[in-house]
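So the chains spell out like this:
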Amino acid sequence: KNEVEQSPQNLTAQEGEFITINCSYSVGISALHWLQQHPGGGIVSLFMLSSGKKKHGRLIATINIQEKHSSLHITASHPRDSAVYICAVGFGGSQGNLIFGKGTKLSVKP
Amino acid sequence: NAGVTQTPKFRVLKTGQSMTLLCAQDMNHEYMYWYRQDPGMGLRLIHYSVGEGTTAKGEVPDGYNVSRLKKQNFLLGLESAAPSQTSVYFCASSWGEVQPQHFGDGTRLSIL
């Protein structure tokens, strides 16, 4: 069974800091997803990646398939980045079913 | 651009009552999913559909039923609500198996 572990569970940062959130999984996957859940509850897909690195604005996601590990980086963090960041993995033949991590709650202080 | 719309946003039920949650998407997506989110746990899949007229069980299907009579709609039913079904329910949709999922805003359901 594929397990998805995120670290840290909670993270407090000062505005402007560089932030890293980690995700590890236990078996081979077809793709890894990073999601953001706003304080109001809505969930938005940030990235889907199966290799290498993707960048969108101040957000960077990387994945190391051999080590079964992914990181989400936020550069020049801002209070509006405060949210829960969720890692999820999908695997071939799963018909889109994802296994979700428990999330990392990020709070960025001004 | 509505995306994925869930109805209702909030509901309080008494034990034993029934209700249906509606999910509607306007992106012509084939795949649709129902999840529940509970404190301290990751999202868990209840049921999913890979196309109109198809449904399948996810990780936690007991106590729920679903229907996908139209491609754009995915209904989640609780026949006899139990307090253990108090949760936040999310619907999502995607183009295909390895594609990003688009989520609704969630339905907060409390069962007394």
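Report follows, based on the coordinates. (Residues numbered from 1 in each chain as written. Chains lettered and ligands numbered in written order. Predicted model: local features only at pLDDT ≥ 70, side-chain atom pairs only at ≥ 80, totals over all residues. Heavy atoms only, no water.)

**Considering the layout of surface pockets**
What the largest pocket holds in volume is close to 1100 Å³. Counting only elements with at least two residues in the lining of the largest pocket, the list comes to strand 1 (4-7), strand 9 (83-90), strand 10 (98-100) and strand 11 (104-109) of chain A together with strand 9 (87-94) and strand 11 (107-111) of chain B. When the residues that make up the lining of the largest pocket are grouped by side-chain class, the tally is 15 nonpolar, 19 polar and 11 charged. Of the volumes computed, that of the second largest pocket is approximately 190 Å³. Counting residues per element, the ones that place at least two in the lining of the second largest pocket are strand 5 (43-49) of chain A together with strand 10 (102-103) of chain B. The leading source of residues in the lining of the second largest pocket is strand 5 of chain A, at three residues. Its residues assigned to classes, the lining of the second largest pocket shows six nonpolar, five polar and one charged. (1 Å grid on protein atoms, 1.4 Å probe; cavity = no way out; pocket = protein on both sides within 12 Å on 5 of 7 lines; lining within 4 Å. Points joined across faces, edges and corners; volume = space filled by probe spheres on them. Helix = DSSP H or I, 4+ residues; strand = E, 2+ residues; numbered from the N terminus. Nonpolar A, V, L, I, M, F, W, Y, C, P; charged D, E, K, R; others polar.)

**Some details on the pattern of salt bridges**
Residues and elements named next belong to chain B. Under the criterion given, the structure shown has four salt bridges over all chains. Linking Asp38 and Arg36 is a salt bridge whose minimum nitrogen-to-oxygen distance equals 2.9 Å. A relative accessible area of 9% means that Arg36 is categorised as buried. Residues Arg44 and Asp38 are paired through a salt bridge, measuring 2.8 Å at the closest nitrogen-oxygen approach. (Salt bridge = Lys/Arg side-chain N within 4 Å of Asp/Glu carboxyl O. Buried < 20%, exposed > 50% of the residue type's maximum accessible area, 1.4 Å probe, protein only.)

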